[in-house]
Amino acid sequence: MKIGWRLGSEVPGVRLPLPDNGEMGTASISPRELLRESDPDLFAALAGEERRQAEGIELIPSENYTYPEVLAALGSVFTNKYAEGYPGRRYYGGQEFTDAIERLARSRAKALFRCEHANVQPLSGAPMNAAVYLAMLKPGDTVMGMDLSHGGHLTHGAPVSHMGRLFQWIRYKTDPGRRGRIDFDVLRRSARRHRPRMIVCGYSSYPRDYDYGPFKSIADEVGAMTMADVSHIGGLIAGGALSNPVDAGFDFVTTTTHKTLRGPRGGMILCKKRFRKAVDQSVFPGLQGGPHMNQVAATAIALGRALQPDFKEYCRQVLVNARALARALSAGGADLVTGGTSNHMMVVDCVSSFGINGRQAEETLDRIAITCNKQVIPDDPNPPLRPSGIRLGTPAATTRGMGEEEMEVLGECILDGLRDSGDPATLARGRRRVRELCAAHPAPGIPE
Ligand code: DSN
């Protein structure tokens, strides 16, 4: 029987069907080499992306280099397996090992975050948050979330998202008079007036840590549930570098697994035991079908790594590096939203600092092999594809082993590039310096 697979020459380790009769043979080449032969176009893109990640500096705060073991698990046979349901209660047979990895992932998540229940099946951040809302709220219910331009996320009630339309969102903002901090008196008054069913705190472009206590106290006063979306800082919380909303008594904590946690793309919902049934049913069968068990396996691996002592050191260094980069940029005249950072990221107002918009800044930094993303700033007068700012963060550069010294060099490269974005010589110098930094700090998990 021909099944359309090609077989490379003999190498131990990989068994593939023979081309002519479909019997199993042993391939002589690694899966990677097989890909090079079988789909050169795809392979060229993969190799290009590997080079880009190795030869440039990643400063998008939500990105990181995951562990080689995570990449192995993502490309493992767990991708072949359907596992609808939960450990011990699945709708398909053959679950001995899938049950084992999901139990491992859940118990590691509970240990790391000190929570009562963990659901590790959400495919990513948006379905993870939707699963909580749909578990606990009815359409039309009132929810409070942070305004997108002030640092909130699309799934915290932005009008363009389905969740934004399904519920009645009250969007709170940061206060420019308090250097971009939240005015909790204003928030309390708003909560008293609108009586939300749930208060969401969480951010994707807010460069400060949250003070969970006031959120919880306001929610308790008005009888609202509390949810913290800590996707950006899940790793930093797990590593003890930032405070944990579970300790503040939050009902739900959601986090993606691929940012500071350095795992695969995915999401987790952590909650109190009394919400377990509602959350689990909301994820499956409410919102999703079969979980991606290769992702669950990879999540278990990343959580296992986050339990190791050196992960704490990594988290501490992410924050030290962010402060160093923010200092270097501020000293060179960059205008940072809130005046600096208390977490892993910073937002630079490029219009007021350099007279260019965020898109121009992003494109300029791309030319010196520094990757960042354009970013709206609070109440940005400019549109999202040409916003006023850029967002920078240190998780990925820290994974490469860079420290404060390298942050200072990066700060200089960024400042030079953005001040002189039209000068080819400046950009060439910046690119050279970035190449040197990369050569001295190889990107983990990327083939030479
Ligand atoms: N897209 C992510 C970020 O970059 O912050 C959040 O989902």
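First, a word on scope: everything that follows refers to the structure included in this document. (Residues numbered from 1 in each chain as written. Predicted model: local features only at pLDDT ≥ 70, side-chain atom pairs only at ≥ 80, totals over all residues. Heavy atoms only, no water.)

**Considering the overall build of the chain**
Quick reminder of the rule: Only DSSP runs of H or I with at least four residues qualify as helices, and only runs of E with at least two residues qualify as strands; both kinds are numbered from the N terminus onward. Computation of the radius of gyration draws on C-alpha atoms alone. For the globule rule, the value is 2.2 Å times the number of residues to the power 0.38. Type-normalised accessible area, obtained with a 1.4 Å probe on protein chains alone, sets the label of each residue: buried when under 20%, exposed when over 50%, and partly exposed for intermediate values. Here, two residues are considered to be in contact whenever any of their heavy atoms come within 4.5 Å of each other. A 1.4 Å probe and the Shrake-Rupley method give the accessible areas. Residues count as covered only by the protein chains that appear here. Under the convention used here, Asp and Glu are negative, Lys and Arg are positive, and both His and the chain ends fall outside the count. We put the charge of a Lys on NZ, of an Arg on CZ, of an Asp on CG and of a Glu on CD.
Scanning the chain from terminus to terminus reveals 17 helices and 17 strands. For the chain, the C-alpha radius of gyration of 23 Å lies close to 22 Å, the compact-globule estimate for 448 residues. Along the longest, intermediate and shortest principal axes, the C-alpha atoms of the chain span 75 × 60 × 40 Å. With 448 residues in all, the chain has 56% of them scored as buried. If you take every contact in the chain between residues at least 6 apart in sequence, the share linking residues at least 24 apart comes to 69%. If you sum the accessible surface of the chain, you get close to 19400 Å²; carbon and sulfur atoms cover 52% of it. When the 55 positive and 50 negative side-chain charges of the chain are each reduced to one mean point, those points stand 6 Å apart.

**With respect to the pattern of salt bridges**
It is possible for side chains of opposite charge to pair when their charged atoms get near one another. Put simply, the rule reads: Salt bridges are identified by distance alone: a Lys or Arg side-chain nitrogen within 4 Å of an Asp or Glu carboxyl oxygen.
In total, this model carries 25 salt bridges according to the counting rule given. Note that glutamate 49 is salt-bridged to arginine 52, the shortest N-O span being 2.9 Å. Pair noted here: glutamate 49 and arginine 52 are both in helix H2 (residues 40-55), with a separation of three residues, about one helical turn. With relative accessibility at 31%, the residue glutamate 49 sits in the partly exposed group. The exposure class of arginine 52 is partly exposed, given its relative accessible area of 37%. One network of salt bridges, in which partners are shared, links Glu49, Arg52 and Glu58.

**Considerations on the environment of leucine 71**
Tracing the backbone through its elements, the reader meets leucine 71 in helix H3 (residues 68-74). Between the C-alpha atoms of leucine 71 and glycine 263, which are 192 residues apart in sequence, the distance is 9.0 Å.

Any link to function would need more than the numbers given here.
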